[in-house]
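Single-letter residue listing:
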Amino acid sequence: QVQLVESGGGLVQAGGSLRLSCAASGSTLRITTMGWYRQPPGKQRDMVAYISIGGSRTYSDSLKARFTISRDNAKNTAYLQMNGLKPEDTAVYYCNAEDWSGACGPYWGQGTQVTVSS
């Protein structure tokens, strides 16, 4: 099993920046792609970005100009740098990891709240 723990959320003013971290533990060798999703209040959970174990990145088209995903495989940690934050970025941000086998996972963290004030 894999456990994911997000950190770095909080309250920030519009235009500010936050860096989220997602630390994986447990059977981390099973992890391939890691990603970030977000769920605004009363809305569905949507993909923000994901990154392969080799570093290939995919972004939501509406966010790629302001958000950057990265990972440190040695630390089993993924990051999401968010710049130019807007009130509409307010959401719970979830970390996600895929299992190499496809028979297990995907794994999810508990989420971290990001609130952007206007």
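Note: the structure precedes this text.
Residues numbered from 1 in each chain as written. Predicted model: local features only at pLDDT ≥ 70, side-chain atom pairs only at ≥ 80, totals over all residues. Heavy atoms only, no water.

> Any chance you could explain the environment of arginine 66 here in plain terms?
Relative to the assigned elements, arginine 66 resides in the loop between strand S6 (57-59) and strand S7 (67-72). Through-space distance from the C-alpha of arginine 66 to that of glycine 26 is 31 Å; in sequence the pair is 40 residues apart. Sequence-distant contacts of arginine 66, defined by excluding residues within four places in its chain, comprise Gln81, Met82, Asn83, Gly84, Leu85, Lys86 and Asp89. (Helix = DSSP H or I, 4+ residues; strand = E, 2+ residues; numbered from the N terminus. Contact = heavy atoms within 4.5 Å.)

> Help me out: how do you make sense of the pattern of salt bridges in this one?
Where charged atoms from two side chains of opposite charge come close, those side chains can pair. This structure, assessed with the given rule, holds four salt bridges. A salt bridge links arginine 30 to aspartate 99, with the shortest nitrogen-to-oxygen separation between them at 2.6 Å. Separated by 69 residues along the polypeptide, arginine 30 in the loop between strand S3 (18-26) and strand S4 (31-39) and aspartate 99 in strand S9 (residues 91-99) bring together distant segments of the chain. The exposure class of arginine 30 is partly exposed, given its relative accessible area of 24%. Between aspartate 61 and lysine 64 there is a salt bridge whose closest N-O contact spans 3.8 Å. In this structure, a network of salt bridges that share partners links the residues Arg38, Arg66 and Asp89. (Salt bridge = Lys/Arg side-chain N within 4 Å of Asp/Glu carboxyl O. Buried < 20%, exposed > 50% of the residue type's maximum accessible area, 1.4 Å probe, protein only.)

> Quick question: what am I supposed to make of the pairing of S7 here?
Residues in a regular strand point their side chains to alternate faces of the sheet. Residues Phe67, Ile69 and Arg71 of S7 are buried on one face, while the alternating residues Thr68, Ser70 and Asp72, pointing to the opposite face, are not. For S7 and strand S8 (residues 77-82), the ladder comprises six bridges, and the chain directions are antiparallel. Paired with threonine 68 across the strands is glutamine 81, a residue of S8. If you look at the hairpin formed by S7 and S8, you'll find four residues sitting between the two strands, and asparagine 76 has a positive phi there, around 55°. (Pairing = 2+ DSSP bridges.)

> Please explain the pairing of strand S11 (residues 112-117) as it appears in this structure.
Of the two faces of S11, only the one carrying Thr112, Val114 and Val116 is buried; Gln113, Thr115 and Ser117 on the other face are not. Both strand S2 (residues 10-13) and S11 contribute to a ladder of four bridges, which runs parallel. In the sheet register, valine 12 faces S11, and the bridge partner there is valine 116. Across three bridges, S9 lies against S11 in antiparallel orientation. In the sheet register, alanine 91 faces S11, and the bridge partner there is valine 114.

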